[in-house]
Amino acid sequence: MTETLTILGIESSCDDTAAAILRQPAGGPAEILASVVHGQTDLHAPYGGVVPELAARAHAEKVDVCVQQALESSGVALKELDAIAVTAGPGLIGGVISGVMCAKGLSASLGIPLVGVNHLAGHALTPRLTDQVAFPYLMLLVSGGHCQFLIAHGPEKFSRLGGTIDDAPGEAFDKTARLLGLAQPGGPAVQAEAEKGDAKRFRFPRPLLDRPGCDMSFSGLKTALLRQRDAIIADKGGLTVQDRADLCAGFQAAVVDVLAEKTRRALESYLAENPSEPLLAVAGGVAANTAIRARLETVCTDLDVTFTAPPLALCTDNAAMIAYAGLERYQAGNQDDMSLAARPRWPLDQSAPALLGSGKKGAKA
Ligand code: KG4
Ligand code: ZN
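So, a few notes on the structure that sits alongside this text. (Residues numbered from 1 in each chain as written. Chains lettered and ligands numbered in written order. Predicted model: local features only at pLDDT ≥ 70, side-chain atom pairs only at ≥ 80, totals over all residues. Heavy atoms only, no water.)

1. Quick notes on the coordination of the zinc ion (ligand 2)
Part 1 of the reasoning: Within the protein, the atoms that donate to the zinc ion (ligand 2) are H119 (NE2), H123 (NE2), H146 (NE2) and D317 (OD), at distances of 2.1 to 2.5 Å.
Part 2 of the reasoning: Geometry at the zinc ion (ligand 2) is irregular, judged from its 4 donor atoms and the angles of 87 to 165° they form at the metal.
Part 3 of the reasoning: When the donors of the zinc ion (ligand 2) are listed by position in the chain, the intervening gaps give H-x3-H-x22-H-x170-D. Remark: H146 occurs in the loop between β6 (137–142) and β7 (147–154) and H123 occurs in helix α4 (residues 119–131); sequence separation between them is 23 residues. You'll find H123 and H146 in the same group, each marked buried. (Donors = N, O, S within 2.8 Å, 3.2 Å for Na, K, Ca; no water. Tetrahedral: all angles 85-135°; square planar, octahedral: opposite > 155°, others 65-115°. Helix = DSSP H or I, 4+ residues; strand = E, 2+ residues; numbered from the N terminus. Buried < 20%, exposed > 50% of the residue type's maximum accessible area, 1.4 Å probe, protein only.)

Written out as structure tokens, the structure is:
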């Protein structure tokens, strides 16, 4: 690369509208000049999940505001942009369309390249933005909408080793919180309760551990929790503070065990092919869970593998990761034109069989 590149990234595939500006000097690492995220948590809170129509309208209203704020806070003028990257899928289609239309308008009016980005590639390439990690590496994406193991071979070359066949773990945390009357998003609330509870009092299932491979399932866990909760209520007329903490601790222990064992298997199959590149990166909101993170680090230590997790603001949905993935695509000589389409489903690994389910946060593809 011979020149400095400045790129705008736009993200609107789920419940965060985001814009970011990245600058990559010739031969140097990319720098985030601005990263603006407008979340929609309050908008969807009364409904217990993301409502696609409300999300789409909010994205349409906010996307240009985000772009404006990213430009202002970075001090970059529109005419200084060299390219525009935008999430073109997978995700809730109304939101993805808002971002793609905004990016097309800017690209056409400024006469600069448009680069469509796969949202999952954005997450999967983040360790290269934050830590300049070299290909290949193993990635665990674990959030409210995604849960999969990917080997990153190149900016657009990924193989999927496995993933959830139903709910993502963050969804399971959120549903658990709802069943126990805790605040949303459920992950931090359940974690805080779990820290006060006895993980041994209730034994919840560890789905799919008895089957080979790295696929996971988390939807049965919340049903088991619901049954246990109702059994306690039928017995005692309600839940004590300690009952609630123990339920959270038992639930979290099951998620930790499943993620740890499946990560161990994914690492073993990754290392069999790539013994000289022992690195696991995690991204996604659930990677913020200290119990999950600690167990994943233990699995890595046992297998002599380096563990890395981007800072939380870049683990969760953001546009800096989209700008970065766009930069990599653009530098590899790829770009799109006005025919770029928004895609609700877009598996990163086209050769892997489709995963089931499309959860509250859209396609898990
Ligand atoms: O990556 P993210 O911001 O959004 C997407 O899902 O794309 O992840 C949000 C999810 C929510 O389901 C939230 O409950 C979960 O991450 N989460 C956690 C924790 N913090 C956030 N789950 C478990 N433990 C946490 N500490
Ligand atoms: Zn995401």
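2. What to know about the side chain of K262
Part 1 of the reasoning: Within the secondary structure, K262 sits in helix α8 (residues 241–273).
Part 2 of the reasoning: Buried and without a salt bridge, K262 has D210 as its closest oppositely charged side chain, separated by 6.9 Å.
Part 3 of the reasoning: Of the polar contacts made by the side chain of K262, one reaches the backbone oxygen of L208; its length is 2.9 Å.
Part 4 of the reasoning: The residues contacting K262, other than those within four sequence positions of it, are F149, L208, L209, R211, G213, C214, D215 and M216. (Lys, Arg positive; Asp, Glu negative; His and termini not counted. Salt bridge = Lys/Arg side-chain N within 4 Å of Asp/Glu carboxyl O. Polar contact = N/O pair within 3.5 Å; in protein donor to acceptor, adjacent residues only side chain to side chain. Contact = heavy atoms within 4.5 Å.)

3. As for the site of ligand 1
Part 1 of the reasoning: Surrounding ligand 1, one finds 19 residues, the nearest of these being G144, D174, G187, Q191 and G285.
Part 2 of the reasoning: Note that an oxygen atom of ligand 1 is positioned 3.1 Å from one of the backbone N or O atoms of G145.
Part 3 of the reasoning: A distance of 2.9 Å separates an oxygen atom of ligand 1 from a polar backbone atom of G285.
Part 4 of the reasoning: Relative to its free-state accessible area of 550 Å², ligand 1 is covered by the protein chains to the extent of 90%.
Part 5 of the reasoning: Taken together, the elements giving at least two residues each to the shell around ligand 1 come down to α5 (169–179) and α6 (186–194).
Part 6 of the reasoning: Along the lines of polarity and charge, the residues of the shell around ligand 1 split into 5 nonpolar, 11 polar and 3 charged. (Near = heavy atom within 4 Å. Areas by Shrake-Rupley, 256 points an atom, 1.4 Å probe, with all protein chains shown as cover. Nonpolar A, V, L, I, M, F, W, Y, C, P; charged D, E, K, R; others polar.)

4. A look at a nonpolar patch on the surface
Part 1 of the reasoning: Together, I93, I97 and M101 make up an exposed nonpolar region whose accessible area comes to about 270 Å².
Part 2 of the reasoning: If you trace the backbone, I97 turns up in helix α3 (residues 93–110). (Patch = residues over 30% accessible without salt bridge, like charges linked within 9 Å, V, L, I, M, F, W, Y side chains within 5 Å.)

5. Some points on the pairing of strand β1 (residues 5–11)
Part 1 of the reasoning: Taking burial as the measure, the 7 residues of β1 include 7 buried ones, the bulk of the element.
Part 2 of the reasoning: Residue alternation in β1 divides its side chains into two sets, L5, I7, G9 and E11 and T6, L8 and I10, and both sets are buried.
Part 3 of the reasoning: In terms of strand pairing, β1 meets strand β2 (residues 16–24) through 7 bridges, oriented antiparallel. By the bridge assignment for β2, I7 is matched with L22.
Part 4 of the reasoning: In textbook terms, the turn of a hairpin is the stretch between consecutive antiparallel strands, and for β1 and β2 this stretch comprises 4 residues.
Part 5 of the reasoning: As paired strands, β1 and strand β4 (residues 83–89) are joined by 4 bridges and run parallel to one another. Considered in β4, the bridge of G9 is made with A85. (Pairing = 2+ DSSP bridges.)

6. Some details on the state of the cysteines
Part 1 of the reasoning: A full pass over the atoms with the stated rule returns 0 disulfides.
Part 2 of the reasoning: Counting only cysteine sulfurs, C66 is the nearest neighbor of C14, a cysteine outside any disulfide, at a range of 14 Å.
Part 3 of the reasoning: The thiol sulfur of C214 is not disulfide-bonded, and the nearest other cysteine sulfur, from C147, lies at 11 Å. (Disulfide = S-S within 2.5 Å.)

7. Some thoughts on the pattern of salt bridges
Part 1 of the reasoning: Taken as a whole, this structure holds 18 salt bridges when the rule is applied.
Part 2 of the reasoning: Of the charged contacts, one joins R329 and E156 as a salt bridge, the two residues approaching to 3.2 Å between their closest N and O atoms. Here R329 is found in helix α11 (residues 320–331), whereas its partner E156 is found in the loop between β7 and β8 (157–163), with 173 residues between them in sequence.
Part 3 of the reasoning: Its salt-bridge partner being R265, residue E261 comes within 2.9 Å of it at the nearest N-O pair. Note that E261 and R265 are positioned in helix α8 at a spacing of 4 residues, about one turn of the helix.
Part 4 of the reasoning: The partly exposed category is assigned to E261, whose relative accessible area is 22%.
Part 5 of the reasoning: In this structure, a network of salt bridges that share partners links the residues D167, E171, K175 and K222.

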